[in-house]
Every structure is written in structure tokens, then in C-alpha cells.
Amino acid sequence: MHAFGHHIDAYQEYNWLVGEADGGSALPQKDYDELRRKAVRIHEEGTRLYVYWLNTSTGMECYCVGPDSKCFCGHSYKAHAWYEVETRKVY
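Residues numbered from 1 in each chain as written. Predicted model: local features only at pLDDT ≥ 70, side-chain atom pairs only at ≥ 80, totals over all residues. Heavy atoms only, no water.

Compared with the 20 Å implied by 1.5 Å per residue over 14 residues, the 20 Å span of helix α1 (residues 5–18) between its first and last C-alpha is a close match. All of the buried residues in α1 are Tyr-14, Leu-17 and Val-18. Here the buried residues of α1 occupy an arc of 80 degrees about the axis, which is enough to place them on one side. For α1, the elements touching its buried residues are α2 (29–45). (Helix = DSSP H or I, 4+ residues; strand = E, 2+ residues; numbered from the N terminus. Expected span 1.5 Å × (residues − 1). Buried < 20%, exposed > 50% of the residue type's maximum accessible area, 1.4 Å probe, protein only. Arc of directions from axis to C-beta. Contact = heavy atoms within 4.5 Å.)

And the structure:
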């Protein structure tokens, strides 16, 4: 069973980074490697986009929206171009 652990981890990482954005066909290795480097850079620079639901009655952040959360359009957020942090507007 342990021999498969690396493959499971690789699948999980791919799914987290790419999600449904690949249209059902795996990204070429070159493109995936570039996306992985971009994810590391975004993490290191602290430019990751975070979204929270705010309870306006209490002022408490009640839910952190992440890659597996559903967007209003029905897709998961990871299906969208999360890595386009330079073009996202923050309000």
C-alpha cells in the first residue's frame, strides 16, 4: 500500500492546483511544473487570494472559502484561475 502513497499525493496536489481547469485532459508536464512554481511564488510572496464570509451581526469571520469550496456558478474555486492574482480586484 505504501508504494502507492506517492501517486496518491501527486494526484491530490494536481487536483488541488488544477481542479477542473484542465477540461478533463491532464496538463502537459511543462505547464504543470510552471503552475507549481507559480503556486510556490504566490505562497512565498503572500499574494494568495483569501475569501471569508463575514457575519455582519457579530463581525466574526464565519467561513474561509478555499479551493474546494463551491463558487456561486456551481464550480469549485479551484476550477477558476486562482493563480491570476495580479488581475484580481480586492474590495
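As a further point, take the packing of α1 against α2. Where α1 meets α2, the closest approach of the two axes is 11 Å, and the angle between their N-to-C directions is 75 degrees. One way to sum up the angle between α1 and α2 is to call them roughly perpendicular. Residues Glu-13, Tyr-14, Leu-17 and Val-18 of α1 form the contact with α2, whose own contacting residues are Tyr-32, Leu-35, Arg-36 and Ala-39. Per-class residue counts for the contact of α1 with α2 are 6 nonpolar, no polar and 2 charged. (Axes fitted to C-alpha atoms, helices over the stretch in contact; angles between N-to-C directions. Parallel < 35°, antiparallel > 145°, perpendicular 65-115°, else oblique. Nonpolar A, V, L, I, M, F, W, Y, C, P; charged D, E, K, R; others polar.)

Right, let's get into the side chain of Asp-22. For Asp-22, the position within the fold is in the loop between α1 and α2. Among the residues examined, Asp-22 registers a relative accessible area of 19% and is labelled buried. A polar contact of 2.8 Å, which involves the side chain of Asp-22, links it to the side chain of Tyr-14. Polar contacts involving the side chain of Asp-22 include one to the main-chain amide nitrogen of Gly-24, which spans 3.0 Å. (Polar contact = N/O pair within 3.5 Å; in protein donor to acceptor, adjacent residues only side chain to side chain.)

Looking now at the pattern of salt bridges. Counted under the stated rule, the structure contains 2 salt bridges. A salt bridge links Glu-13 to Arg-36; its shortest N-O distance comes to 3.0 Å. Note that Glu-13 is positioned in helix α1 and Arg-36 in helix α2, a separation of 23 residues in sequence. Accessibility expressed as a relative area gives 30% for Glu-13, which makes it partly exposed. The class for Arg-36 is partly exposed, based on a relative accessible area of 36%. (Salt bridge = Lys/Arg side-chain N within 4 Å of Asp/Glu carboxyl O.)

Moving on to the confidence of the model for the protein. For the protein, per-residue confidence averages 79 on the pLDDT scale, and 79% of positions sit at 70 or higher. Ranking the helices and strands of the protein by mean pLDDT puts α2 first, with 90, and strand β2 (residues 61–65) last, with 66. (pLDDT = per-residue confidence, 0-100.)

Glancing now at the environment of Glu-86. Tracing the backbone shows Glu-86 in the segment after β2. Looking at Glu-86, the relative accessible area reads 55%, which means it is exposed. In this structure the C-alpha to C-alpha distance between Glu-86 and Thr-47, which are 39 residues apart in sequence, comes to 8.6 Å.

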